[in-house]
Amino acid sequence: MFVIVRKDIPKIAQAVQGGHALAEYLLHKTTEWTNGTLIYLGIKGLNQLENLMHKFEIEGIPYKAFREPDLENQITSIATDMENKHIRKLNLLVW
C-alpha cells in the first residue's frame, strides 16, 4: 500500500492525513489488502498531488483521496495499492 502525503502541511498532521487516506482507500476497495506493507511517500504540495491524481486517472490507477475538513476540504493525501512509474519517482516521507 502506498500513501502519498503533502509535505507542505505540518509534520504532525502528515501521519494523520496519510492514515485518513489509507482508511478511505480500504473502506472503498473491493479487494483485500493482503501483504501488510505500508509505504509513506512525500509530495511537495497540493498542485503536485492534483497532477499525480490526474495521471492516475488517465492511466486507470485506483486511488482514494482524503479531503481535510479543517483545511477547507483540501486534499491532503491519497492512497493506492498499485505500484507504478509515478510512485517510483517519489521519495519516502521522512519526519
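These numbers were taken from a predicted model, which means no experiment stands behind them.

Caption draft 1: Layout of the overall build of the chain. A count of helices and strands for the chain gives three helices and five strands. When the helices and strands of the chain are listed from N to C terminus, the series reads β-α-β-α-β-β-α-β. By the compact-globule yardstick of 12 Å for 95 residues, the chain fits well, its C-alpha radius of gyration being 12 Å. Taking all 95 residues of the chain together, the buried fraction comes to 39%. Excluding contacts between residues fewer than 6 apart, the proportion of contacts in the chain whose partners are at least 24 apart in sequence is 72%. By element, 53% of the accessible surface of the chain is carried by carbon and sulfur atoms, the whole surface being about 5800 Å².

Caption draft 2: Representation of the nonpolar core in the model. Among the nonpolar cores identified, the biggest contains 14 residues, and I4, L49, L52, F56 and I78 are the most heavily contacted of them. Elements that contribute at least two residues to this core include exactly strand 1 (2-6), strand 2 (39-43), helix 2 (46-59) and strand 4 (74-80). Among the elements that make up this core, the one with the highest residue count is helix 2 (four residues). For L52, the contacting residues outside a window of four places in its chain are I4, I43, I78, H86 and L90. If you look at the next biggest cluster of nonpolar residues, it comprises 11 residues, including M1, V5, I9 and A21.

Caption draft 3: Inspection of the pattern of salt bridges at higher detail. Taken as a whole, this structure holds four salt bridges when the rule is applied. The shortest N-O distance in the salt bridge between K29 and D81 comes to 3.8 Å. Of this pair, K29 sits in the loop between helix 1 (11-28) and strand 2 while D81 sits in the loop between strand 4 and helix 3 (85-88); the two residues are 52 residues apart in sequence, bridging distant segments of the chain. A residue is classified by how much of its surface remains accessible, and K29, at 26% relative accessible area, is partly exposed. Judged by relative accessible area, which is 33%, D81 ranks as partly exposed. One salt bridge in this structure joins R88 and E83, with 3.4 Å as the shortest N-O distance. By relative accessible area, R88 is classed as exposed at 56%.

Caption draft 4: Just helix 1, in detail. Its 18 residues give helix 1 an end-to-end C-alpha distance of 27 Å, which sits within 8% of 26 Å, the value for a rise of 1.5 Å per residue. Taken as a whole, helix 1 has its buried residues at Q14, Q17, G18, A21, L22 and Y25. One side of helix 1 carries all its buried residues, which in axial view fall inside an arc of 145 degrees. Exposed side of helix 1, more than 90 degrees from the buried face: I12 and L27 are the residues found there. On its buried face, helix 1 sits against strand 1, strand 2, strand 3 (64-68) and strand 4.

Quick notes on the rules
- Residues numbered from 1 in each chain as written.
- Predicted model: local features only at pLDDT ≥ 70, side-chain atom pairs only at ≥ 80, totals over all residues.
- Heavy atoms only, no water.
- Helix = DSSP H or I, 4+ residues; strand = E, 2+ residues; numbered from the N terminus.
- Rg over C-alpha atoms; globule rule 2.2 N^0.38 Å.
- Buried < 20%, exposed > 50% of the residue type's maximum accessible area, 1.4 Å probe, protein only.
- Contact = heavy atoms within 4.5 Å.
- Areas by Shrake-Rupley, 256 points an atom, 1.4 Å probe, with all protein chains shown as cover.
- Core = buried A, V, L, I, M, F, W, Y, C linked by side-chain atoms within 4.5 Å.
- Salt bridge = Lys/Arg side-chain N within 4 Å of Asp/Glu carboxyl O.
- Expected span 1.5 Å × (residues − 1).
- Arc of directions from axis to C-beta.

Geometric descriptors of this kind do not, in isolation, establish any biological role.
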